[in-house]
Each structure stands twice: as structure tokens, then as C-alpha cells.
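Single-letter residue listing:
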Amino acid sequence: MTAPTTAPAAFLADVPAHRLSIVVPMYNEVENVEPFVTAVHDALKDYPFEWELLIANDGSRDGTREALDEQARLRGPHVRPIHLWRNFRQTAAMQAGIDAARGDVIVTLDGDLQNDPKDIPKLVARLLKEDLDLVAGWRQNRQDGLWLRKVPSKIANRIIRKITQLEFKDLGCSLKAYRASVLKRVSLYGEMHRFIPAWMATVTSPARMAEEPVSHHARTRGESKYGISRTLRVILDLLAVNFFLRFSGRPGHFFGGVGLGVSLIGGLILTYLAALKLAGQNIGGRPLLWLGFFCVLGGLQFLTTGVIAELLIRIYYNRGDIAPYHTDKPADLASDAAWHRQP
């Protein structure tokens, strides 16, 4: 770990009063539970506002659950473990923590101590002082392997910037500060935690987002849950993000455009063949006839899919709250005693 950064009070002077929720997904991190909780408390020991720590245990099988419960017992009710019934993966765990968060500001970070909790006050201060909706961490000096982590990350960030038009240098950094009222308007599922800034761009302006340099440390305990296999998932998720950014409110335009284009090609082919038929030529055995027929049929199917997609998107925007995870019943948190305060 590096030397302590500037004390929280130096960053938080003149910051509006708020409540802070720290959301951390964990999976099989029993060795990091106590050091991480201690690091958060050390980083926020002089924090002048109320805060809570929510750790979403993503179905761990190595004793992480018991270690989290022990920390909650020792530290107090502001440490809130959330136990998912099985491994729903990082996005669902993060969504579980966000749903349970009660603060005006939400900070997310990984629980492996590669993100430094001492950077939390700096991100929160910039978020509130500059009236932003998102401040993302930028790991300028990453302490990861070159070929398995750094190179794929650079390639992915370049592609994501090109498609989303968001000028973030490090979209993969989990350490981010959000305005809760905006973040909770975004629903995460699948592997979409990598693209939270892109999803937030659907509900707020990219001008209300910023990036801040943060510390990064090498993993010293436990095993990394990331590998080169995630590259394929990132590419597939990026296609979905691109579709939603451009057509989330009007899917009929996407399918309708494809359908009209394919139908037009089919119509031109059939018109050409009809002209040949009228000129006395035999067109019955031509493969072009089948191509024209199936283009028209395929175009009609795309148009029909567009209509169905428009109906589904209306159902989607009027649905009830359906979470992509299941957790134990949370404790009653109506009391203000569940928040951490400076003595």
C-alpha cells in the first residue's frame, strides 16, 4: 500500500452535507474481508458525514459470508453484508448493493484492495463540488499483468470510446462515485457493470461526468477473478450497449430500417425478373428468383419484429421492479443508528 493520501477534511471543505453509501461486490475473498473493512474505516475515520458500507457477497463458498458477518458484528450496523443465494456474477452483486444503498452519494469499488479506499473522499468531493452525476477513477499506474490485463483493457477502452463517444480513459476501473438519484435510474444486468457510464449517458448528459486519477495496487491476497476470456463477453456486451444507446426507445427504427432495405433489394430483383419474363425469357430455374423471394419475405419478418419490439419496449418501461438476483432478507434499517457517525 502507498502512503496515506491527503486527509478527507482537505477534500471535503465546503462540500454539501450528504450521506455516503459504499457498495462493494465480493466473491471468494475471505482473505481480504478484514483488511478491506479496516482499510475503509481507516480511510474514512475523519469523514465528517454519515456513511455506510454495503458488501454484496456473491455466493462465496470460502468463508467470505462468515467473515463479513463477523465484521458487521464487530464494527456495527453501518457495515451491511448482503448475501446473494448463489454466484450471480459481479454485475448482479453490484446492483444488489446499489438497490440497498440509502445514501445521496454511492461509491463503488472492488473488495480486493487494488482500489484504494483513501481515494473515496477525493471522488465524492469532486462529484458534489462540481455538481456532477459521475466521477470515475482513472488508474494511471495500473499494477496488473501486461498481456492478460493491461493490453486487453487498452484495446477494450479504445473500442468502447469509439462506439459510446464517451472520452473515458479507464472505463474498467470499479472505483466510481455516483449521484444516487441518477444511478438508481439505471438497471444493470448480465455483465454490464463495465459500461455503467454508457448506461448513465441514457439518463444524463456526458457533460455531467468526469474522470479523476486514483491509486492502484497489486493484488496481495486471494486470486483474481478476471482472465482473457472476458474479452469475448466485453465485445458481445458492447454490441448490446451500442444497440440500447441508439435504439433503446425506438427499436422499430432499427428493425424497420433493416426490413425496408432487405425488402427493397428483393423488390428490385423481382421487378427485374418480371421484366425478363415479360420479354419472353424463362426465369423459373434462376437462383435469383429465390433470392428475391426470400429477401422480400425476410424484409417483412424484420418489419414485423420491429412492431413486436416496439410493444416489448413499452412493456419494459412500464414493468415492475424485477431484480436480477436473490438475497437474504435485509435487516430493519429504519433507525439512524445504522449509519456511521464521527464521535
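Preceding block: the structure.
Only a predicted model underlies this, so the values are computations on that prediction, with no experimental measurement involved.

(A) Local environment of the pairing of strand 2 (residues 51–57). With seven of its seven residues buried, strand 2 lies for the most part within the structure. Where burial is concerned, the two faces of strand 2 agree: the one with Trp51, Leu53, Ile55 and Asn57 and the one with Glu52, Leu54 and Ala56 are both buried. One crossover worth recording links strand 1 (residues 20–26) to the parallel strand 2 by way of helix 2 (residues 30–43), and it is right-handed. Regarding the hand of the β-α-β motif, the stretch spanning strand 2, helix 3 (residues 64–75) and strand 3 (residues 79–83) is right-handed.

(B) A look at the sheet that holds strand 6 (residues 176–179). The strand order across the open sheet formed by seven strands is 3-2-1-4-6-5-7, and the pairing between neighbours is mixed. For this open sheet the edge positions go to strand 3 and strand 7 (209–214), each flanked by a neighbour on one side alone. Adjacent strand axes in the sheet meet at a mean angle of 20° when their direction is disregarded. Sheet strands in contact with helix 3 are strand 1, strand 2 and strand 3, and its direction is about 155° off that of strand 3. The strands that helix 4 (residues 90–100) touches are strand 1, strand 2, strand 3 and strand 4 (105–108); relative to strand 1, the one it contacts most, it runs at about 155°.

(C) How the structure looks around a nonpolar patch on the surface. Together, Trp290, Phe293, Phe294 and Leu297 line one region of the surface with nonpolar side chains, adding up to about 430 Å² of accessible area. Trp290 sits in the exposed class, given a relative accessible area of 53%.

(D) Examining the packing of helix 2 against helix 3 more closely. Across the interface, helix 2 lies against helix 3 with an axial gap of 8 Å and an inter-helix angle of 30°. The orientation of helix 2 relative to helix 3 falls into the category roughly parallel. The element helix 2 and its partner helix 3 pack so that their crossing is right-handed. Residues Val30, Val33, Glu34, Val37, Thr38 and His41 of helix 2 lie in contact with helix 3, whose contacting residues are Thr64, Ala67, Leu68, Gln71 and Arg75. Broken down by class, the residue content of the contact of helix 2 with helix 3 amounts to five nonpolar, four polar and two charged.

(E) Representation of the pattern of salt bridges. Applying the stated criterion across every chain yields a total of eleven salt bridges. With a closest N to O distance of 3.2 Å, Arg126 and Glu130 form a salt bridge. Asp131 serves as the salt-bridge partner of Arg208, at 3.4 Å between the closest nitrogen and oxygen. With Arg208 in the loop between helix 8 (196–200) and strand 7 and Asp131 in the loop between helix 5 (120–129) and strand 5 (134–139), this pair connects stretches of sequence that are 77 residues apart.

(F) Seen up close, the side chain of Arg179. Relative to the assigned elements, Arg179 resides in strand 6. A distance of 2.9 Å separates the side chain of Arg179 from the backbone oxygen of Leu132, its partner in a polar contact. Contact partners of Arg179, with chain neighbours within four places excluded, come to Asp104, Leu127, Leu128, Asp131, Leu132, Asp133 and Arg208.

(G) Structural detail: the packing of aromatic side chains. Tallied over the full model, the rule gives five aromatic pairs. Between Tyr47 and Phe49 the ring centres are 6.0 Å apart and the planes differ by 75°, which places this aromatic pair in the edge-to-face class. Of the residues examined, Phe49 reaches a relative accessible area of 16% and is grouped as buried. Centroid distance Trp290 to Phe294: 6.1 Å. Interplanar angle 25°. Geometry classified as stacked. Of this pair, Trp290 and Phe294 both sit in helix 11 (residues 287–317), separated by four residues, roughly a single helical turn. On the basis of relative accessible area, Phe294 is assigned to the partly exposed category, the value being 46%. Three or more aromatic residues link up through ring pairs in this structure, and these residues are Trp290, Phe293 and Phe294. The lysine or arginine in question, Arg86, covers the ring of Phe88, its NZ or CZ lying 4.1 Å from the ring centre.

(H) Region of the structure containing the pairing of strand 4. Alternating residues of strand 4 divide into Val105 and Val107 and Ile106 and Thr108, and every residue in both groups is buried. As paired strands, strand 1 and strand 4 are joined by four bridges and run parallel to one another. Residue pairing in the sheet places Ser21 in a bridge with Ile106 of strand 4. Relative to strand 6, strand 4 runs antiparallel, the two being bridged by four bridges.

Calculation rules
Counting from 1, residues in each chain are numbered in the order their sequence is written. At least 70 in pLDDT is required for a residue's local features to be given in this predicted model, at least 80 for side-chain atom pairs to be given and counted, and no such filter applies to totals for whole chains, interfaces and linings, which use all residues. Calculation of side-chain values draws on the structure's entire complement of heavy atoms; hydrogens and water are dropped beforehand. With a 1.4 Å probe rolled over the protein chains alone, any residue whose accessible area is under 20% of its type maximum counts as buried; one over 50% counts as exposed, and the rest are partly exposed. In this text, helices come from DSSP runs of H or I with a minimum length of four residues, and strands from runs of E with a minimum of two, each type numbered from the N-terminal end. We call a crossover right-handed when, viewed with the strands running away from us, the connection from the first strand over the helix to the second turns clockwise. Two strands make a pair as long as DSSP finds a minimum of two bridges between them. In this description, a line fitted to the C-alpha atoms serves as the axis of each element, helices being fitted only across the stretch in contact, and the angle between N-to-C directions of two axes falls anywhere from 0 to 180 degrees. We call two residues in contact when some of their heavy atoms are within 4.5 Å. Patches here are clusters of residues that have more than 30% relative accessible area and form no salt bridge, with a 9 Å joining cutoff for like charges and a 5 Å cutoff for nonpolar side chains (Val, Leu, Ile, Met, Phe, Trp, Tyr). Surface accessibility follows the Shrake-Rupley procedure with a 1.4 Å probe radius. Residue values consider only the protein chains on display as shielding. Salt bridges are defined by distance alone: a side-chain nitrogen of Lys or Arg within 4 Å of a carboxyl oxygen of Asp or Glu. Orientation is classified from the angle alone, with under 35 degrees giving roughly parallel, over 145 giving roughly antiparallel, 65 to 115 giving roughly perpendicular, and any other angle giving oblique. With the far helix as reference, a near helix turned anticlockwise by less than a right angle produces a left-handed crossing, and one turned clockwise produces a right-handed crossing. Only Asp, Glu, Lys and Arg are considered charged, only Ala, Val, Leu, Ile, Met, Phe, Trp, Tyr, Cys and Pro nonpolar, and every remaining residue, Gly among them, polar. Under the rule applied, a polar contact is a pair of N or O atoms within 3.5 Å (in protein, one hydrogen donor and one hydrogen acceptor; residues adjacent in sequence only if both atoms are side-chain atoms). Pairing of aromatic side chains requires ring centres within 6.5 Å, counting the rings of Phe and Tyr and the six-membered ring of Trp. Pairs whose planes differ by under 30 degrees are stacked, by over 60 edge-to-face, and all others tilted. Consider the ring centre and the ring normal. A charge sits over the ring if Lys NZ or Arg CZ is within 6 Å of that centre and within 35 degrees of that normal.

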